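# Fold and geometry: a report
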Amino acid sequence: MTQHQRLLIIDFGSQVTQLIARRLRELNVYCEIHPFNAVDDAFLKSFAPQAVILSGGPASVTTACSPRAPQSLFDMKVPVFGICYGQQVMMEQMGGRVESGHHAEYGRAFIAPDDGHKGDGIFAGLFETGREEVWMSHGDRVTALAPGFEVIGTSPNAPYAMIADESRGFYAVQFHPEVHHTPNGRTMLENFVRLAGFTGDWTMASYKDEAIRKIREQVGDKQVICGLSGGVDSSVAAVLIHEAIGDQLTCVFVDHGLLRLNEAEEVVTMFRDTYNIPLIHADEADLFIGALEGVSDPEVKRKTIGRLFIDVFQKYANQIDGAEFLAQGTLYPDVIESVSFSGGPSVTIKSHHNVGGLPEKMGLKLVEPLRELFKDEVRALGRELGLPEKFIGRHPFPGPGLAIRCPGEITREKLDILRKADAVFIDQIRKHGLYDEIWQAFVAILPVRTVGVMGDGRTYDYACALRAVTSVDGMTADYYPFGHDFLGETATRIINEVKGINRVTYDITSKPPGTIEWE
């Protein structure tokens, strides 16, 4: 949204560049990430950033054709903050020197102030304990400063770990302040945007008003259809668009029969009754489950669901006269990840059930009102729109639903057992007041039967695995440390209340090496 003060993040390919943007958004600063090879002099002039951050990256500035920032950036008279590779780029382009072949630093390190320098500018408030804990990840290092810079802090393997040219508003560090392993990283970013003159004008209230105006301008008096999954993203997008254009919006809820217990009824009730949004409930459970029965390969499951989703959505969308726009709950991470900083391919870990195909096949123009937002910002927007907190705060739920929590062959019997076991587990988490501490929790039904004893009889039923993880953004995760009393109580309830399960396990795998979902 061009009305806001804007900060530009030039991405050199770091795995954690998104974290820079998230930290700044938490400070109510609007920022955008753009790959280095898309930022030239014309772009800088058009974007007109109030400040710039140069991200880390995997390249070495000592090699030919390594990534660079536009040289004109350093003449724009705006504050610039270089992080890791961003520091090395600044030095290389401004007259300093960077060398390879020195001792690398990976992981936790400690920065000491240079000659008792307590730090000011973006380093104000640091070194309260005499040193700063930071997170390093570098092989090259700066060996000579560009003219005008001074040393603020050093580490054993980075003699220029913190540097600054206060007169020009240039700052750089060899470590990563955006990661939570650098405890005072937020302080540095907060100091930087304050010195750059940002007033914190990026709020969800203002975003909502601007998004509504933008939707009205884009759509005019035309009809819009929205694929509603029942998840937070598509639901917030639908309510926002409905507030903008009312009955010009029709939602299509594709019920594939792979939802949690009573979930389809809850979605239909909320949208039809609470919000009075026109909704087509496409109950196609028989179609999806029929196509999936006997399928055990997880990629085949996902691709089958994706293909049927597109076919079903198109069938019902064709019933809406005059629809010219398709609404999607695309988020900012989706936008960032669709443009590789190098233009190169990335490894596909697993297919997504509803990404791609719809706009091309249907010939509709896209409305994507959430494409500037991160997930936590979508939740904040949902609160601005008045969606119930119980709904807004729900754990993420995958598009393919229970199909990927049912490793091996899918059957209606296994899906019914899984729904009931999952409902008990979530009920237990809520009863113990743990729901909001957990990023995601669910049950997976395993493709094995085990012998058990219930009463005086022998059973031969399914085993299940409980999964609960903590995470900041889903990129990494660790298992939630339930107490044994909780696990024992939950296992007892599942075995007693869910016919078909006689053994309960708890998955304590982190991500990586595992993923959060089982398939």
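Counting restarts for each chain, with residues numbered from 1 along the sequence as it is written. pLDDT decides what is reported in this predicted model: residues at 70 or higher carry local features, side-chain atom pairs at 80 or more are listed and counted, and totals for whole chains, interfaces and linings draw on all residues regardless. To get the side-chain values, all heavy atoms of the structure are used, and hydrogens and water are removed first.

Identification of the protein as GMP synthase [glutamine-hydrolyzing] from Paracoccus limosus is taken from an unreviewed UniProt entry. Regarding the protein, the UniProt comment filed under Function (unreviewed entry) reads as follows: "Catalyzes the synthesis of GMP from XMP." According to the UniProt record, the Catalytic activity (unreviewed entry) comment for the protein is "XMP + L-glutamine + ATP + H2O = GMP + L-glutamate + AMP + diphosphate + 2 H(+)". UniProt positions are given in the numbering used here, feature names are shortened, and annotations may be inferred rather than shown by experiment.

Attention now moves to the overall build of the protein. The helix and strand inventory of the protein stands at 15 helices and 20 strands. Here the protein has a C-alpha radius of gyration of 26 Å; the compact-globule value for 519 residues is 24 Å, and the two agree. Dimensions of the protein, computed from the C-alpha atoms along their principal axes, are close to 80 × 60 × 40 Å. Whether a residue is buried, partly exposed or exposed follows from its accessible area with a 1.4 Å probe, protein chains only, as a fraction of its type maximum: under 20%, in between, or over 50%, in that order. For the protein, the proportion of its 519 residues judged to be buried stands at 56%. Only the protein chains shown count as cover for residues, with accessible areas throughout obtained via the Shrake-Rupley method and a probe of 1.4 Å. Here the protein has roughly 22300 Å² of accessible surface; of this, 50% comes from carbon and sulfur atoms. By the counting scheme adopted, Arg and Lys are positive, Glu and Asp are negative, and His together with the chain ends is not counted. The atoms used to mark charge sites are NZ of Lys, CZ of Arg, CG of Asp and CD of Glu. Taken together, the 50 basic and 69 acidic charged side chains of the protein have centroids lying 3 Å from each other. Segments assigned H or I by DSSP are reported as helices when at least four residues long, segments assigned E as strands when at least two residues long, and all are numbered from the N terminus. Radius of gyration means the value over C-alpha atoms here, while the globule rule gives 2.2 Å times the residue count to the 0.38 power.

Quick look at the packing of aromatic side chains now. Each pair of aromatic rings taken from Phe, Tyr and Trp, with Trp reduced to its six-membered ring, is defined by centres within 6.5 Å and is described as stacked if the planes are under 30 degrees apart, edge-to-face if over 60, and tilted in the remaining cases. Counted under the stated rule, the structure contains 18 aromatic pairs. Seen from their ring centres, Tyr-171 and Phe-192 are 6.4 Å apart, and the 85° between their planes marks the pair as edge-to-face. With Tyr-171 in strand 11 (residues 170–173) and Phe-192 in helix 4 (residues 185–195), this pair connects stretches of sequence that are 21 residues apart. Take Tyr-171: its relative accessible area is 4%, and that puts it in the buried class. By relative accessible area, which is 0% here, Phe-192 ends up buried. On the numbers, 5.3 Å between centres and 75° between planes, the contact of Trp-202 with Tyr-207 is edge-to-face. The exposure class assigned to Trp-202 is buried, which follows from its relative accessible area of 1%. Residue classification places Tyr-207 among the buried residues on the basis of a relative accessible area of 1%. Members of the aromatic cluster, joined through ring pairs, are Phe-425, Tyr-479, Tyr-480, Phe-482, Phe-486 and Tyr-506.

According to UniProt, the positions carrying the feature "binding site: ATP" (unreviewed entry) are Ser-229, Gly-230, Gly-231, Val-232, Asp-233, Ser-234 and Ser-235. Residue classification places Asp-233 among the buried positions, given a relative accessible area of 18%. The contact definition used throughout considers only heavy atoms, calling two residues in contact when any of these lie within 4.5 Å. With near-sequence residues (within four places) excluded, Asp-233 lies in contact with Gly-329, Leu-331, Leu-370, Lys-375 and Val-378. Looking at Ser-234, the relative accessible area reads 9%, which means it is buried. Contact partners of Ser-234, with chain neighbours within four places excluded, come to Cys-226, Gly-227, Leu-228 and Ser-229.

Side-chain atoms within 4.5 Å link the members of a nonpolar core, which is a set of buried Ala, Val, Leu, Ile, Met, Phe, Trp, Tyr and Cys residues. Among the nonpolar cores identified, the biggest contains 51 residues, and Ile-225, Phe-425, Ile-429, Ile-438, Ala-468, Phe-482 and Ile-494 are the most heavily contacted of them. Looking at this core, the element that brings in the most residues is helix 14 (residues 412–431), giving eight residues. An automatic or database domain assignment provides the domain bounds reported here. Taken domain by domain, the makeup of this core includes at least three residues from each of domain 2 (204–393) and domain 3 (412–506). With 44 residues, the next largest nonpolar core counts Trp-202, Ile-215, Ala-238 and Val-239 among its residues.

Lys-511 connects to Pro-512 through a cis peptide bond whose omega is -15°. Residue placement: Pro-512 occurs in the segment after strand 20 (501–506). With omega at 15°, the peptide bond leading from Pro-512 into Pro-513 counts as cis. Inspection of the secondary structure puts Pro-513 in the segment after strand 20. A positive phi is found at Asn-28, a non-glycine position, where the angle reads about 60°. Considering the arrangement of structural elements, one finds Asn-28 in the loop between helix 1 (17–26) and strand 2 (30–35). Its relative accessible area of 32% is what places Asn-28 among the partly exposed residues. The phi dihedral of Asn-262 falls on the positive side, at around 65°, and the residue is not glycine. Tracing the backbone through its elements, the reader meets Asn-262 in the loop between strand 13 (249–255) and helix 7 (263–274). Judged by its relative accessible area of 45%, Asn-262 is partly exposed.

This part is about the packing of helix 5 (residues 204–219) against helix 6 (residues 232–245). How two helices sit against one another is set out by the angle between their axes and by the gap between those axes. Between N-to-C directions, angles cover 0 to 180 degrees, with each direction set by a line fitted to C-alpha atoms, over the stretch in contact for helices. Helix 6 packs onto helix 5 with a crossing angle of 65° between their chain directions and a minimal axis gap of 9 Å. Remark: the crossing between helix 5 and helix 6 carries right-handed chirality. Contacts from Lys-208, Ala-211, Ile-212, Ile-215, Arg-216 and Val-219 in helix 5 reach Leu-240, Ile-241, Glu-243, Ala-244 and Ile-245 in helix 6. Note: crossing handedness is left-handed where the near helix turns anticlockwise from the far helix by less than a right angle, and right-handed where it turns clockwise.

Quick look at the side chain of Glu-372 now. Inspection of the secondary structure assignment puts Glu-372 in the loop between strand 16 (365–367) and helix 12 (375–384). As a buried residue without a salt bridge, Glu-372 has its nearest oppositely charged side chain in Lys-214, at a separation of 4.5 Å. Contacts described as polar in this section are N or O atom pairs within 3.5 Å, which, within protein, must combine one atom able to donate a hydrogen with one able to accept it, while residues neighboring in sequence count only if both atoms come from side chains. Here the side chain of Glu-372 touches Tyr-30 through a polar contact of 3.4 Å, side chain to side chain. Salt bridges are identified by distance alone: a Lys or Arg side-chain nitrogen within 4 Å of an Asp or Glu carboxyl oxygen.

Quick look at the environment of Val-268 now. Within the secondary structure, Val-268 is located in helix 7. Taking the relative accessible area as the measure of exposure, Val-268 reaches 13% and is therefore buried. Apart from residues lying up to four places away in sequence, Val-268 is in contact with Phe-253, Asp-273, Leu-279 and His-281.

A word on the environment of Asn-28. Between the alpha carbons of Asn-28 and Arg-371 there is a distance of 17 Å; along the sequence they are 343 residues apart. Setting aside anything within four residues of it in sequence, one finds Asn-28 in contact with Gly-200, Asp-201 and Trp-202.

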